[in-house]
Amino acid sequence: MAEATPKKPPDWKHITEPIHDAESLKQESINANHDHLITEIETSDGPLGTTLRAVYEGKELSKFRIRLDDKIRNHDREIERMCNFHYQGFIDSIRELLTVRQDAAKLKDEVQQVDQHLQESCVPLMTKGEELVKCRRIQGNIATAVESLNLCLPVLEMYRKLQEQMTSRRFYPALKTLEQLEHTYLPRVNSHWFAQTMADDIPKQRESIKEASMSDLKDFLENIRKHSGKIGEVAMLHAAEQNNMDPAIVKATRKKTKKRRAPPPPNPFTGEVDAPPPPVIQDEEDEIEDSAELSAQDLIDFSPVYRCLHIYSVLGDRERFETYYRKQRWKQARLSLQPPSNMHESLDSFKRYFHDIVGFFVVEDHILNTTQGLVNRAYIDELWEMAVSKLAASLRTNTVQCKDTSMLLDVKNLIILFCHTLRGYGFSVGHVLELLLEMRDQYNDVLTRQWVDIFNEIFSEDNYTPIYVESIEEYTAIVTQFPIQDENLERESFPKRFPFSQFVPDVYNQVKAYINACLKYSADLHLSHTEIDDMIRKSTNLLLTRTLGSCLSSLIKKPSLTLLQLIQISINMNYLEKSCLYLEEYISSITGAQNDSVHMARLHGTTMFKDAKSDAEEHIYKQLNLKIDEFMDLASYDWLLPEAKGHASGYVIDLVAFLQSTFMSFTNLPEKVAKTACMSACKHIANSLKEFLLDNEIRQLTMGSLQQFNLDLIQCEQFAASEPIPGANDGNLTLAFAGIRQLLDLFLNWDWSLYLADYGQTNSKYVRVQPQVALSLLEKLHNADKKKNTIFGSLNKKERDKKKLLDTVLKQLRGLVNGSTQQIQG
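The shown structure was predicted, so the numbers you read here are calculated from the model rather than taken from an experiment. (Residues numbered from 1 in each chain as written. Predicted model: local features only at pLDDT ≥ 70, side-chain atom pairs only at ≥ 80, totals over all residues. Heavy atoms only, no water.)

## A look at the overall build of the protein chain
The number of helices and strands found in the protein chain is 26 helices and 4 strands. Out of the 826 residues belonging to the protein chain, those deemed buried represent 38%. Taking the contacts inside the protein chain whose residues are at least 6 apart along the sequence as the reference set, 78% of them involve residues at least 24 apart. Accessible area for the protein chain stands at about 48,600 Å²; split by element, carbon and sulfur atoms hold 52% of it. (Helix = DSSP H or I, 4+ residues; strand = E, 2+ residues; numbered from the N terminus. Buried < 20%, exposed > 50% of the residue type's maximum accessible area, 1.4 Å probe, protein only. Contact = heavy atoms within 4.5 Å. Areas by Shrake-Rupley, 256 points an atom, 1.4 Å probe, with all protein chains shown as cover.)

## Brief notes about unusual backbone geometry
Of the consecutive residues phenylalanine 494 and proline 495, the connecting peptide bond is found in the cis state with omega at 0°. Looking at the element boundaries, proline 495 is found in the loop between α14 (487-491) and β4 (496-497). Within the chain, asparagine 342 stands out as a residue other than glycine whose phi angle is a positive 55°. The topology assignment puts asparagine 342 in the loop between α8 (318-337) and α9 (347-370). Under the relative-accessibility criterion, asparagine 342 is labelled partly exposed at 44%.

## Re the packing of helix α5 (residues 193-242) against helix α7 (residues 303-314)
Close contact between α5 and α7 brings their axes to 9 Å; oriented N to C, the two are set at 150°. Judged by the inter-axis angle, α5 sits roughly antiparallel to α7. As for the relative orientation of α5 and α7, their crossing is left-handed in sense. Residues Ile209, Lys210, Ser213, Met214, Asp216, Leu217 and Phe220 of α5 form the contact with α7, whose own contacting residues are Pro304, Val305, Arg307, Cys308, Ile311 and Tyr312. Tallied by class, the residues present in the contact of α5 with α7 amount to 9 nonpolar, 1 polar and 3 charged. (Axes fitted to C-alpha atoms, helices over the stretch in contact; angles between N-to-C directions. Parallel < 35°, antiparallel > 145°, perpendicular 65-115°, else oblique. Left-handed = near helix turned anticlockwise from the far one by under 90°. Nonpolar A, V, L, I, M, F, W, Y, C, P; charged D, E, K, R; others polar.)

## Considering the packing of aromatic side chains
Think of a pair of aromatic rings as described by two things: how far the centres are apart, and how the planes are tilted against each other in angle. The full count for this structure, using the stated rule, is 27 aromatic pairs. Ring centres of phenylalanine 220 and phenylalanine 302 lie 5.7 Å apart, and the angle between their planes is 55°; on these two criteria the pair is classed as tilted. You can see phenylalanine 220 sitting in helix α5 and its partner phenylalanine 302 sitting in the loop between α6 (284-290) and α7, a full 82 residues away along the chain. Residues phenylalanine 220 and phenylalanine 302 agree in their burial class; the two are buried. Ring centres of tyrosine 443 and tyrosine 521 lie 5.1 Å apart, and the angle between their planes is 25°; this geometry places the pair in the stacked category. Within this pair, whereas tyrosine 443 is found in helix α12 (residues 430-461), its partner tyrosine 521 is found in helix α15 (residues 503-522), the two being separated by 78 residues in sequence. For tyrosine 521, a relative accessible area of 0% puts it in the buried group. Ring-pair connections join several aromatic residues into one group, and the members of that group are Tyr353, Phe354, Phe360, Phe361, Trp384, Phe418 and Phe427. Here the basic side chain of lysine 496 rests over the ring of phenylalanine 494, its NZ or CZ set 4.8 Å away from the ring centre. Positioned above the aromatic ring of tyrosine 586, the side-chain terminus of lysine 512 is 4.8 Å from the ring centre. (Phe/Tyr/Trp six-rings, centres within 6.5 Å; stacked < 30°, edge-to-face > 60°. Lys NZ or Arg CZ within 6 Å of the ring centre and 35° of its normal.)

## Quick notes on the pattern of salt bridges
For the coordinates displayed, the defined rule picks out 12 salt bridges. In this structure, aspartate 35 and arginine 67 form a salt bridge, with 2.8 Å as the shortest nitrogen-oxygen distance. Of the two residues, aspartate 35 sits in helix α1 (residues 22-43) while arginine 67 sits in helix α3 (residues 61-167), which places them 32 residues apart along the sequence. On the basis of relative accessible area, aspartate 35 is assigned to the partly exposed category, the value being 30%. Looking at arginine 67, the relative accessible area reads 31%, which means it is partly exposed. A single network of salt bridges, built from pairs that share partners, joins Glu717, Arg741 and Asp745. (Salt bridge = Lys/Arg side-chain N within 4 Å of Asp/Glu carboxyl O.)

## Some points on a nonpolar patch on the surface
Among the surface-exposed residues, Phe90, Ile94, Leu97 and Leu98 lie close enough to one another that they form a single nonpolar patch of about 390 Å² accessible area. In this structure, leucine 98 sits in helix α3. Judged by relative accessible area, leucine 98 falls into the partly exposed class, the value being 43%. (Patch = residues over 30% accessible without salt bridge, like charges linked within 9 Å, V, L, I, M, F, W, Y side chains within 5 Å.)

## Quick look at the side chain of serine 579
Within the secondary structure, serine 579 is located in helix α17 (residues 563-591). Aside from chain neighbours lying at most four places away, what touches serine 579 is Phe482 and Tyr508.

## Brief notes about the side chain of serine 705
Assignment of secondary structure puts serine 705 in helix α21 (residues 703-721). A distance of 2.6 Å separates the side chain of serine 705 from the backbone oxygen of threonine 702, its partner in a polar contact. With residues up to four places along the chain from it excluded, the contact list for serine 705 reads Asp638, Trp639 and Leu641. (Polar contact = N/O pair within 3.5 Å; in protein donor to acceptor, adjacent residues only side chain to side chain.)

## Description of the packing of α5 against helix α11 (residues 405-423)
Direction vectors running N to C along α5 and α11 enclose 95°, while the axes themselves pass 9 Å from each other. Between α5 and α11, the crossing angle belongs to the class labelled roughly perpendicular. Contacts between α5 and α11 involve Ala235, Met236, Ala239 and Ala240 on the former and, on the latter, Leu414, Leu417, Phe418 and Thr421. The class makeup of the residues in the contact of α5 with α11 is 7 nonpolar, 1 polar and no charged.

## Observations concerning the environment of histidine 619
Inspection of the secondary structure assignment puts histidine 619 in helix α18 (residues 605-632). Here the alpha-carbon distance between histidine 619 and leucine 566, two residues 53 residues apart in the chain, equals 7.3 Å. Beyond its immediate sequence surroundings of up to four residues, histidine 619 is in contact with Ile556, Lys557 and Leu566.

## A look at the environment of valine 388
Tracing the sequence through the fold places valine 388 in helix α10 (residues 377-401). Remark: the alpha-carbon pair of valine 388 and valine 429, spanning 41 residues in sequence, is separated by 8.4 Å. Apart from residues no more than four positions distant in its own chain, valine 388 is found in contact with His431 and Val432.

## Structural notes on the confidence of the model for the protein chain
Mean pLDDT over the protein chain works out to 77, with 85% of the residues at or above the 70 mark. Low pLDDT (under 50) marks residues 256-263, which in the prediction has 17 contacts with non-local residues, meaning those over four places away or in another chain. Within the model, pLDDT remains below 50 along residues 790-794, and this stretch shows 0 contacts once partners closer than five positions in the same chain are excluded. (pLDDT = per-residue confidence, 0-100.)

If you want it as C-alpha cells, here you go:
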C-alpha cells in the first residue's frame, strides 16, 4: 500500500504580504514614540519635566526636533486658515463697539449732572440727620454708661473688699471673695478692660495667699522646732504624775535668760511692720511650772497648719502641701533624733534629747487627730520606726561611754518615763523597752569595774590578822556585818578573836551592796519576781566568779605576801565560801522569790571560793618551801670533818623552830590542808638534804661529816615525830625522811653485806636506797680515803682490809648500776 502524500498547512498558501525589514520597524516605533510625546506636550496642563526628560534622554533628539517642526508647521497652517475664515466678522464687531462708546459717554455726562443736583438738594437734610444721630448716640452712651456703672460698682466693691481682707491677712474670707469675684461678678463686666486686668490678677492673688499662708507655716515649723523640748517636758511631767514617778526625773537644769522676741514679719501685701515687743526676762523653769497645768497641745497655736491646709485644699494643691509638710517634719525628726555632742557627760543632755523627741511626736499625734489626711497612721508608724532605730543607736553609743552608774540609773528612768509618755499617745515602745535590757548589761559592767577597785582597796587595807574585839558592841558590830555561828566563840570571854580578818565582812557587805545596786536597775521594769531574781543571781555570779575571783587570784599571786598572810587568806576563803548560802537567802528576800525556790539558780561563789582557797593553799606550800630553802641556803657542811660535833647544825635548829611556830598558826586551817603543808615541808627538807649529799661539786666526804649530817637528820625526824599538827601522829611525816635515813644507816652501820644480799626484795631493810645513789656516795668516801692514804703513806692491816672491802663493794655496786641500766635500756 502506497504512502499518502503529506498536506501543506493552509496558512502557507495565504502569505502574500510583503515582509518589512527590521530598520523600517524600528523607524516606525521611533516615530510613534515621538508622536506620543508631542501629544503629551500639547494636551498637558501641568509640568512637562517628565516628558522633556524622556525627550532628552532618548537617542533620536534630532529626529524629534524634525518631527516637532513638522507638527508646528501643521498647526500654523490650521491657524492661518481659521483666521481667514473669521476676519470679516471681527471687523463688524469693531465698528459696533465704536458706536456704543459714543452713547456711553453721553449717558455718563447726564448721570453726573443728576448726581450734582441731588447732592446740592440733600445738604440741609444730611446736616440735620447728622445732628440727630449725634444726639441719639450721646443718649445711648449715657444709658450704656449708667448700665455699665450699675454692673461695675459691685465688682469694684468686691475688689476693694478683697484688698482689705488681704491687708488684714484674713485668708479664708479673701478666698471666698476671690471665688465670688471670679465666677459671679467678673463675667458680668467681662467686656470692660479692667475686668480682664482683674481676671489676670486673681491667680496672682491666690499665689500671694498661698505664699503668705506658707510663710506662716514656715514660721510655725521654726517655732515648733524651738518649743518641741518644752512640749516634750510638759508631756513627760504629766506622764510622771500619772505613773506616780518623781517629776525631778524630767526637769532639766535651766538658767534665767533674757528673752528677746523676734520682730513680727512684714505684711506680705502692704510691707508694713508692727513695733517689736519689749524683751522679757523670765526663768524657763518657772515658765514650765506655769504651763504644767496645760496640755502639751495647748502650748502651741496650730492655726497656721489648719489655715494653710485649708487654703491649699481650696486651691486644689493639697497634695503639694502634704508632701512639703511631711518632708519638712521628716527633716526636723532627724534633727531631733541627732544627739548632742558628748551627751554621755551630762544628764541634762539626755533629758533635753528625750524632750525634743517626745515633743516632736506629741505634735505629730495632735496633727494626726485634728486634721484629715495631712498625716496618716502609716506615715507616723514609718517615722516612729526610723526614730526608734536612731534612738536606740544613739543611746547605745552614749551609754557605753557613760561610766557613772547613777547616771545610767537616771537614764533608765528617763527611758521608762519616755515609754510611758509615748505609749499614752498610742506609740509602740516594745523595742525601746528591750533597749533597757541591753543597758542592764552595760550597767552591770560599770558596776563590776567599780567593784574591782572596791575589792582591791579592801585587800590593800586589810592587815591579814584575825579580828580582836574587846566589848559586846564591837562583837555585835562584826556579827551584824557577817553571819557567823560559832558557839565556842560566843562562850568565850572578852577579848574575843574571830578566825577571819576584816576583809571577810567587808567583802560580804560589798557583795550585798552590789546586789542592792543591781536591784535598783530592776525597779519599774515590770519584771516578775523570778525574772528579777534570775537577773540578780546572774549578775552576782559574774561578780563572784569573774570580778572577785580575778581580784583574789591577783592578791594571792602577789610576791609581797608572807606565809602567815597566805594562811589567813585561806582561812578567810572558808568563811566566804560558807557565806554564799546567806547571800542566796538575801537575794531571795529582797526579790520576793522565796516561794519559787524551784526556779532559783545557785550562786557559783562556793566553787570560786574553793578554787581561790586551793590556789592560796598551793601558794602556802610554795611559800613554805621557799622559806625552807632560805634556811637550807644557810647550811655550810665541812665534808672532810674527821668526827661529828655532837649536836645538830644551827640552821637545822632554826628551821625546826620556824616550822614549829608556823604550824601553830595552822590551827584554823582545815586539818587536811595543815597535814598536807606539813608533809610537803618534810618532803622538801628530805629532798634538800639528799641533794646536799649527792651534789656533784662535792668530790670527797668523810664518815665524820656523815655522822654530823646524821645528827641534823635526827633533829628533823624528831620534829616530824613530835606531832607538829594535832592529829598527825600516824607516822606519815617520818616516812618523808625514810629514804635519806636508810641511806645514812647503810653507811654508818657499814651494812653492805645485808644490802647486797637483800637487794631487789620488797622486804629489804634498805629498799629505798638506789645502787646509783649508794655508789655515788661511796665513791666520795673512797676519794677521801685515797687522799688520806697518800698523806700517811703506809696502811695497817685493818685499813687494808677496809680498803679491800670498799673496792669489793664498789665493784658490786657498779655491777648493779650497769645491770639496772642495761635492763632499763633493754
